[in-house]
Amino acid sequence: MSAISNLQPAAIWRNFDLLTQVPRPSGHLEKIQKFLLDWAAQKGIEAHQDEAGNILMYKAASPGREDRKVVTLQGHMDMVPQKTPDSPHNFETDPIETWIWTDEEGREWVKAKNTTLGSDDGMAVATIMAIFEDDTLEHGPLEGFITADEETTMYGVEHMKDGELKGEILLNLDNETHGEMVTGSAGGVNQTAELQYEAAAAEEGDVAVKVVLTGLRGGHSGLEINEGRANANKLMARVVSDAIANFEARLATWNGGNMRNAIPRHCEVVLSVPAENAAELAETINGEWRETFTSEYGYVEKALALTASVEETDPEALVPEEIQDQLVNALMGCHNGVMRFIPHLPSIVETSSNLAIVEIDSTKAFFKILVRSSNDTQRQACCDTLEAIWSMAGMKVELSGAYPAWQPSPESPIVELMKQVYREMFGEENHVQVCHAGLECSVILSHCPGMDVVSFGPTLRSPHTPDERCLIESVGKYYNFVLETLKRI
Ligand SMILES: [Zn+2]
């Protein structure tokens, strides 16, 4: 038993402590699945594992509440395995070691020793266990739905059966801030534009100029798309376009970005330039372009670094001139970043695109984009806008990996009830949010349409890192909020 099993409310912390003893990194869930089924059997709770690896549990209504709506309490069983470089921890075999840390403001947090804590989403599983084992609570019929591999592929919800859930209301317990409710999330789709061509010969008397843009912050292409950060590919397009127009430059290669869901932080381009123009081009990039980007982005991009250098070896082959111009025009003209905010929640991004990866060499070009929206037809409109630009450059365009939006409803009964309960309990407003990234809720809704869905949870910080921590005082408030909500449904 560790110190955290003595924290209050005991019901939730005792169960969370048990969960820290069961290894459960994404992709290795046998131990946690067995633990949950054994635990349910021991408590006399009806439970089973479905074909997708999810665990379902059922609990009858407390007396007199049999006619209430069925509520599904949901969280994911897996955790992200991250540790500090010096930690010997083995996530497949070792328990998580917890301790209590006090921040500068005197607030107490539960943390793990040099690893992720697994409060994302162990807090949800502990909540479900606490509620299911307590026969003194008042509530309607309950269903527990503990999902598999949310953090990697959303395997559990992707492969659940249509209509598998009995619930009419879904309480997803995977949000990270007490005092905030998520009522919608973005869907997404991968767009890939591709073009193949014959290489053009290198130009006599040309030299190579290598341009490197690096040190950008990058970040999550959904959650951080509205922060005005620089996209390395979009900035590079301006430099290359200028080099072509004013220095007779030709494009040899372009490599920008490496992950579709990350804002690109780095881009490298090799140009071929008449020898007499090379030094001036490098000077212009190292001088004017660097100053321009620093003045535009210095506030958010403190480590931005742009350098151009004249190289010893010349490129062996080039992108054909006409194709090069079309590709660069397309990169200049394509939309990138926020496209629209939600009309009834104007501070929240609805639709965005991220020009994530650009790879060009002398025979082929690939552009990879991730388009997100909490409105499925706006997502399509954004894809169509981009496709129009890529088509003008003669590129072939494909979509893949689409997942649906959880479109926020301006009048959800569960959201209205929970706003009221929160106001009565805490004397302040519960903030309504829409998440500009994919959540399990949208996939569950696609299998079980018509559920009234909301996502909330206790306060966690830095999930997915060894600095993950859970704010102790938020857990009691959150747990009482769940219990009061269940009583009022
Ligand atoms: Zn989570």
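In this text the structure is predicted, and so the values were computed from the model without any measurement. (Residues numbered from 1 in each chain as written. Predicted model: local features only at pLDDT ≥ 70, side-chain atom pairs only at ≥ 80, totals over all residues.)

*Asks:* What am I meant to see in helix 6 (residues 275-297) here?
*Replies:* For the α-helix, the turn length of 3.6 residues means that residues three or four positions removed from each other point alike. End to end, helix 6 covers 32 Å across 23 residues, agreeing with the expected 33 Å (1.5 Å per residue, within 8%). Along helix 6, the sharpest change in direction is near 30° and occurs at Thr 284. On its buried side, helix 6 packs onto strand 11 (206-214), helix 5 (232-247), strand 13 (267-274) and strand 14 (305-310). (Helix = DSSP H or I, 4+ residues; strand = E, 2+ residues; numbered from the N terminus. Expected span 1.5 Å × (residues − 1). Bend = angle between axes of the 7 residues up to and from the residue. Contact = placed C-beta atoms within 7 Å.)

*Asks:* How should I be thinking about the packing of helix 5 against helix 6 in this particular structure?
*Replies:* Geometry of a packed helix pair, given as the angle between the helix axes and the separation of the axes. For the pair helix 5 and helix 6, the least separation of the axes is 11 Å and the interaxial angle reads 145°. Between helix 5 and helix 6 lies a crossing of right-handed hand. Touching Leu 235, Val 239, Ala 243 and Phe 247 of helix 5 are Asn 277, Glu 280, Leu 281, Ile 285, Trp 289 and Phe 293, all from helix 6. Here the contact of helix 5 with helix 6 is composed, by residue class, of eight nonpolar, one polar and one charged. (Axes fitted to C-alpha atoms, helices over the stretch in contact; angles between N-to-C directions. Left-handed = near helix turned anticlockwise from the far one by under 90°. Nonpolar A, V, L, I, M, F, W, Y, C, P; charged D, E, K, R; others polar.)

*Asks:* Quick question: what am I supposed to make of the environment of Ala 393 here?
*Replies:* In this structure, Ala 393 sits in the loop between helix 8 (376-392) and strand 19 (396-403). Along the backbone, Ala 393 and His 178 are 215 residues apart, and their C-alpha atoms lie at a distance of 48 Å. Setting aside residues up to four positions removed in sequence, Ala 393 forms contacts with Leu 195, Gln 326, Leu 327, Asn 329 and Ala 330.

*Asks:* I'm lost on the pairing of strand 17 (residues 345-360) in this one. Help?
*Replies:* Strand residues, when the strand is regular, have side chains that alternate between the two faces of the sheet. As paired strands, strand 12 (residues 250-256) and strand 17 are joined by three bridges and run antiparallel to one another. Each bridged residue has a counterpart across the sheet, and for Trp 254 the counterpart in strand 17 is Ile 360. Taken together, the five bridges between strand 16 (residues 337-342) and strand 17 define a ladder with antiparallel strand orientation. Its bridge partner lying in strand 17, Val 338 is registered against Ser 352. Connecting the antiparallel pair strand 16 and strand 17 is a turn made up of two residues. Relative to strand 18 (residues 364-373), strand 17 runs antiparallel, the two sharing nine bridges. Bridge pairing in strand 18 links Ser 352 to Arg 372. (Pairing = 2+ DSSP bridges.)

*Asks:* Explanation requested: the sheet that holds strand 5 (residues 108-112) in the structure shown.
*Replies:* Strand pairing in a sheet takes place through backbone hydrogen bonds and is either antiparallel or parallel in direction. The strand order 4-5-23-22 describes an open sheet built from four strands, whose pairing is antiparallel. A strand with exactly one partner marks an edge of an open sheet, and here the two such strands are strand 4 (98-102) and strand 22 (460-461). Where strand 4 and strand 5 come together, five bridges link them in antiparallel fashion. Considered in strand 5, the bridge of Ile 100 is made with Val 110.

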